[in-house]
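Results of the structural survey
For reference, the chains in residue letters:
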Amino acid sequence: MWPVRKRSLASERTHTRCTRQTSVVPKAGYTSHLDVKCMPNTRTEIIEKVVTWASNSSDDAPYIFWLNAMAGEGKTSIATTVAHMLHENGILGGSFFFSQDQGRIHIVNVFSTLIAYLANYRLEFQQFVAEYLKSRILDIKDSATVQFDLFETLFVKSDIITSNKPVIFVLDGLDECQEYPDQQTLLQYLVKISNQSPKCRFFLTSRPEAKIQSILNQAEPLQPVKLSDFARNAGNTTERDLEIYIDTKLKEIATQYKDLLPPLSDWPGPERKQKLLDQACGLFIWASTAIKFINVGDPEIKLDILLSSPLSSNSLIDIYKKVMNNAYPDEKTLTPEIINILGAILLLQEPLSAASTGMLLHIQARNNQSMTQTVSLALGRLRSVLEIPSTEGHTIHICHLTFAEFLTNQEQCPQYCYIDKEVHHFNLAENCLKVMEELLHYNICELR
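It should be emphasised that the depicted structure is a prediction, and the values quoted were computed from it without experimental measurement.

Analysis parameters
- Residues numbered from 1 in each chain as written.
- Predicted model: local features only at pLDDT ≥ 70, side-chain atom pairs only at ≥ 80, totals over all residues.
- Heavy atoms only, no water.
- Helix = DSSP H or I, 4+ residues; strand = E, 2+ residues; numbered from the N terminus.
- Contact = heavy atoms within 4.5 Å.
- Areas by Shrake-Rupley, 256 points an atom, 1.4 Å probe, with all protein chains shown as cover.
- Pairing = 2+ DSSP bridges.
- Axes fitted to C-alpha atoms, helices over the stretch in contact; angles between N-to-C directions.
- Salt bridge = Lys/Arg side-chain N within 4 Å of Asp/Glu carboxyl O.
- Buried < 20%, exposed > 50% of the residue type's maximum accessible area, 1.4 Å probe, protein only.
- Core = buried A, V, L, I, M, F, W, Y, C linked by side-chain atoms within 4.5 Å.
- Parallel < 35°, antiparallel > 145°, perpendicular 65-115°, else oblique.
- Nonpolar A, V, L, I, M, F, W, Y, C, P; charged D, E, K, R; others polar.
- pLDDT = per-residue confidence, 0-100.
- Patch = residues over 30% accessible without salt bridge, like charges linked within 9 Å, V, L, I, M, F, W, Y side chains within 5 Å.
- Phe/Tyr/Trp six-rings, centres within 6.5 Å; stacked < 30°, edge-to-face > 60°.
- Lys NZ or Arg CZ within 6 Å of the ring centre and 35° of its normal.
- Expected span 1.5 Å × (residues − 1).

1. Some details on the overall build of the protein
Helix and strand content of the protein: 19 helices and seven strands. Taking all contacts inside the protein whose residues are at least 6 apart in sequence as the whole, residues at least 24 apart take part in 76%. In the form shown here, the protein has an accessible surface area of approximately 21,500 Å², with 51% of it arising from carbon and sulfur atoms.

Have a look at this one:
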């Protein structure tokens, strides 16, 4: 493992310079996603395959490993687990997890975030970065091209890397990169680096989009793996792993609600467990949403709601409809205020806290409540699909991009909870102008 060495005063100053001039995106690294790591004894085959690839020091090994899967199949959990294991093995160079709902959608700070992680673990990299920045007038955080130039210099044009071990970078959710030109630019950078430097390798995850594949095919060599095909060829491991996940989580719920649930030693019983597994249709995000749904309120009632309808051809849409119908049975309970809050959460480029969202939308705080409490209580019934922090200052965001896609798809979403992007973008713009009109004034920074 690369040791975190004790820094001298000089190296502390160097580290400060690197940090100041290399803009690091908050919560982009794998350590901010450890809560979604794969459960023990699940996804073992695919994780072993990736780690074996990453540990192969031969120059003939593929330089890019592309794991592609449909929404909800567990790509981020696998990427988090792999990144953690590579860090433990001392070969992780850095990680970046794209996320539309959390505002990590731009490429401009991807390489600077990776460089900052690398410099934090190797002082020689830190010194190299600091010396490079001294010779550049343009601040590195102003340009993705400048960042890439440093990255390329580090791995291709310098002899600073002397170890035979490869350096692995993990990038998750490439399909959530903001715009195709940005996504194309990033992928072309990755292919160029990997083709020039066998020591620099990338583990990438995304949905199986043709435009991503067309660029990655230029990498020589490339190892593409479709998760569903791999799991099926390995003996239908997805069903086994889902069964472990559902069984473990239901046992936790049974322990938590032991005074409320029927006295069954194996609640809710093998038949209903199997029905849940069947409903999941191989999607971990369905199972995760279902468990969160069951765990809020009376588990027996919530479980009956989930199992009340026959198997759907699209289980994810079906469970989102049940979550919305259970939380807001009709248009009277789903008020325009709540719809506006949901629209803001889905469409804001940068996520806001509950209090800031309420202030932006000009929501009136309820009696004896803070703005955070008012907004959080309005969304309280949606905790199975929203991350609603209990403390001030933390942002609200959706648990998975598929929920946003559901709410903004008029063909899938019930009309009363449909989020019209055009309408809500206009509302946000109008509210932004109102805030500016109310708060902007001469010498706002009080410089005189």
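Continuing now.
2. What to know about the side chain of S376
Here S376 shows up in helix α17 (residues 371-378). Not counting residues up to four positions away in its chain, the partners in contact with S376 are A354, R383, I388 and P389.

3. Let's talk about the sheet that holds strand β4 (residues 200-206)
Read from one edge to the other, the open sheet built from five strands follows the order β2-β3-β4-β1-β5, with strand pairing classed as parallel. Unpaired on one side and paired on the other, β2 (92-97) and β5 (222-226) mark the two borders of the sheet. Within this sheet the neighbouring strands show an average axis-to-axis angle of 10°, counted without direction. Sheet analysis places β2 next to strand β3 (residues 167-172), joined by five bridges and oriented parallel. Each residue of the ladder has a partner; that of L92, found in β3, is I168. Of the strands in this sheet, β1 (64-68), β3, β4 and β5 are in contact with helix α2 (residues 44-55), which crosses β1 at around 165°. The strands that helix α3 (residues 75-88) touches are β1, β2, β3 and β4; relative to β3, the one it contacts most, it runs at about 160°.

4. Some remarks on the pattern of salt bridges
Summed over all chains, the structure comprises 15 salt bridges. The salt bridge involving R272 is made with E300; its shortest N-O contact spans 2.7 Å. Taken together, the positions of R272 in helix α11 (residues 270-280) and E300 in helix α13 (residues 299-306) put the pair 28 residues apart, joining distant regions of the chain. Each member of the pair, R272 together with E300, is buried. For R366, the salt bridge identified is with E337, shortest N-O distance 2.7 Å. Taken together, the positions of R366 in the loop between α16 (354-360) and α17 and E337 in helix α15 (residues 336-347) put the pair 29 residues apart, joining distant regions of the chain. Beyond isolated ion pairs, a larger network of salt bridges with shared partners links D247, K251, D266 and K273.

5. Side note on the nonpolar core
One finds L276, M324, L379, L382, L386 and F403 to be the most contacted residues of the largest nonpolar core, which totals 68 residues. Contact partners of M324, with chain neighbours within four places excluded, come to L334, L382, F403, F406, L407, Y416 and C417. Counting 40 residues, the second largest nonpolar core, distinct from the first, contains Y132, F155, L187 and I215.

6. Comments concerning the side chain of T372
Turning to its location among the elements, T372 is positioned in helix α17. Once residues lying within four places of it in the same chain are set aside, the contact partners of T372 are A354, A355 and E392.

7. Points about the packing of helix α12 (residues 284-294) against α13
Following both chains from N to C, one finds α12 and α13 inclined at 140°, their axes separated by 8 Å at the closest point. In terms of axis orientation, α12 runs oblique to α13. In this structure, α12 contributes A290, F293 and I294 to the contact, and α13 contributes P299, K302, L303, I305 and L306. A breakdown of the residues in the contact of α12 with α13 according to their chemical character gives seven nonpolar, no polar and one charged.

8. Looking at the confidence of the model for the protein
For the protein, per-residue confidence averages 85 on the pLDDT scale, and residues scoring 70 or more make up 88% of the total. Within the model, pLDDT remains below 50 along residues 1-14, and this stretch shows 24 contacts once partners closer than five positions in the same chain are excluded.

9. Examining a nonpolar patch on the surface
Taken together, the side chains of L433, M436, L440 and I444 present a nonpolar region at the surface, about 410 Å² in accessible area. Relative to the helices and strands, I444 resides in the segment after α19 (421-439). Looking at I444, the relative accessible area reads 46%, which means it is partly exposed.

10. Re the packing of aromatic side chains
Under the criterion given, the structure shown has 14 aromatic pairs. The ring of F293 has K302 lying over it, and the distance from NZ or CZ to the ring centre is 4.4 Å.

11. Digging into the environment of H106
Tracing the backbone shows H106 in the loop between β2 and α4 (110-121). Residue classification places H106 among the partly exposed positions, given a relative accessible area of 30%. Separated by 76 residues in the primary sequence, H106 and D182 have C-alpha atoms spaced 7.5 Å apart.

12. Notes on the environment of G94
Inspection of the secondary structure assignment puts G94 in strand β2. Assessed through its relative accessible area of 0%, G94 is described here as buried. Sequence-wise, G94 and A119 are 25 residues apart; in three dimensions their C-alpha atoms are separated by 9.7 Å. Apart from residues no more than four positions distant in its own chain, G94 is found in contact with L114, Y117, I168, F169 and V170.

13. Observations regarding helix α10 (residues 237-256)
Between its first and last C-alpha atoms α10 spans 29 Å; for 20 residues at 1.5 Å apiece the expected length is 28 Å, and the two agree. The complete set of buried residues in α10 reads T237, T238, D241, L242, Y245, I246, L250 and I253. Residues of α10 that are buried make contact with α2, α9 (227-233), α11, α12 and α13.

14. A short note on unusual backbone geometry
For the peptide bond that leads from W267 to P268, omega is 5°, which places it in the cis range. On the secondary structure map, P268 appears in the loop between α10 and α11. We note that C281 has phi near 55°; this positive angle belongs to a residue other than glycine. On the secondary structure map, C281 appears in the loop between α11 and α12. Overall, the relative accessible area of 43% leaves C281 in the partly exposed class.

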